[in-house]
Amino acid sequence: GGAYCASAFGCGPFQLLNFTGTQRDVATLAHESGHGVHNMLSYEQGILQFHPPLTLAETASIFGEMIVFRDLLDKAPSPEDRLAMLMSKIDDIVNSVVRQCSFDYFEQQVHEGRAAGQLAPQDFCQMWEKCCADYYGPEGEVFDSYADVSHLWTYVSHFHNVPFYVYSYAFADLVVGSLYGVYQKSTDGFEEKLLDLLRAGGTKDFVTALAPFGLDPSDPDFWTQALEAHLGGLLTEAEELSKELGYLA
């Protein structure tokens, strides 16, 4: 596992991917290719404004994942395989939204702690354990044990390279849920609108970028509806299929 897409203005993009032929590797390739397409389309904005804002930085990548997932889901060889794919995707969404929000919360604790004084490595570990418990509940609720998790914060390179970048994964996952909901209702003109959003790079703010799709992220209900559109439909489909297969009464 593991991959990234790197780009400098007018050069690249370049992808490095540990591809072993698994379904997850295909999804990762779609994700990183989305970044590559986003970069190439936005180069026309010039070196100062080609890079998208954090609110949209993961939109192309996660949308690419969703397109490939839906295509593979339609080609699932059996109902059991289809259910397995649905459950894996649901796990990915929970991972992107809940886990990345917990990462962001951890960063907040660290920066606030550092502003108040010196921090020792053990302070980081305690903050990490607190974030795990705050977001996933006590041991036994989601995870059987939190043993040996205290140092896991050290492997998240985003904390060191791009502080507070992690929230963009959760942000984009929900935005893509809304965009895909619009796409499912009507494909007319959708492709060109999406390409325009990607071409804009850093020249449009988040609200302006989504306006052509009829979406208003300033609406308090936007995020609730986004979560329902993105995760709710998959959960419903998985539950119905589980009943058909006799896994649920």
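The model shown is predicted, which means the values in this text are computed figures rather than measured ones.

Student: Is there a simple way to think about a nonpolar patch on the surface in this case?
Tutor: On the surface, Phe9, Ile47 and Leu48 cluster together to form a nonpolar patch covering roughly 360 Å² of accessible area. Position of Phe9 relative to the elements: it lies in the loop between β1 (3-8) and β2 (11-17). Classification of Phe9 by relative accessible area gives partly exposed; the value is 35%.

Student: Even after reading the chapter, I still don't get the side chain of Ser96, so can you show me in this structure?
Tutor: Position of Ser96 relative to the elements: it lies in helix α3 (residues 79-116). A residue is classified by how much of its surface remains accessible, and Ser96, at 19% relative accessible area, is buried. Side chain to side chain, Ser96 and Asp173 meet in a polar contact 2.9 Å long.

Student: Honestly, the pairing of β1 in this entry has me stumped. Any pointers?
Tutor: Where a strand is regular, its side chains alternate between the two sheet faces. Here β1 runs beside β2; their pairing, made up of 5 bridges, is antiparallel. Of the residues in β2, the one forming a bridge with Tyr4 is Leu16. Taken together, β1 and the strand that follows it, β2, pair antiparallel across an intervening segment of 2 residues, in which Gly10 is found at a positive phi of about 75 degrees.

Student: I tried to follow unusual backbone geometry on my own but got confused; where do I start?
Tutor: Among all residues save glycine, negative phi is the norm, and among peptide bonds the norm is trans. Here the residue pair Gly12 and Pro13 is connected by a cis peptide bond, since its omega of 5 degrees sits within 30 degrees of zero. The residue Pro13 is located in strand β2 in this model. The phi dihedral of Asp148 falls on the positive side, at around 70 degrees, and the residue is not glycine. By the secondary structure assignment, Asp148 is in the loop between α4 (121-136) and α5 (158-161). In this structure Asp148 comes out as exposed when scored by relative accessible area, which is 78%. Positive phi values are uncommon outside glycine, yet Phe164 reaches one of about 65 degrees. Among the structural elements, Phe164 can be located in the loop between α5 and α6 (167-185).

Parameters at a glance
- Residues numbered from 1 in each chain as written.
- Predicted model: local features only at pLDDT ≥ 70, side-chain atom pairs only at ≥ 80, totals over all residues.
- Heavy atoms only, no water.
- Patch = residues over 30% accessible without salt bridge, like charges linked within 9 Å, V, L, I, M, F, W, Y side chains within 5 Å.
- Areas by Shrake-Rupley, 256 points an atom, 1.4 Å probe, with all protein chains shown as cover.
- Salt bridge = Lys/Arg side-chain N within 4 Å of Asp/Glu carboxyl O.
- Helix = DSSP H or I, 4+ residues; strand = E, 2+ residues; numbered from the N terminus.
- Buried < 20%, exposed > 50% of the residue type's maximum accessible area, 1.4 Å probe, protein only.
- Polar contact = N/O pair within 3.5 Å; in protein donor to acceptor, adjacent residues only side chain to side chain.
- Pairing = 2+ DSSP bridges.

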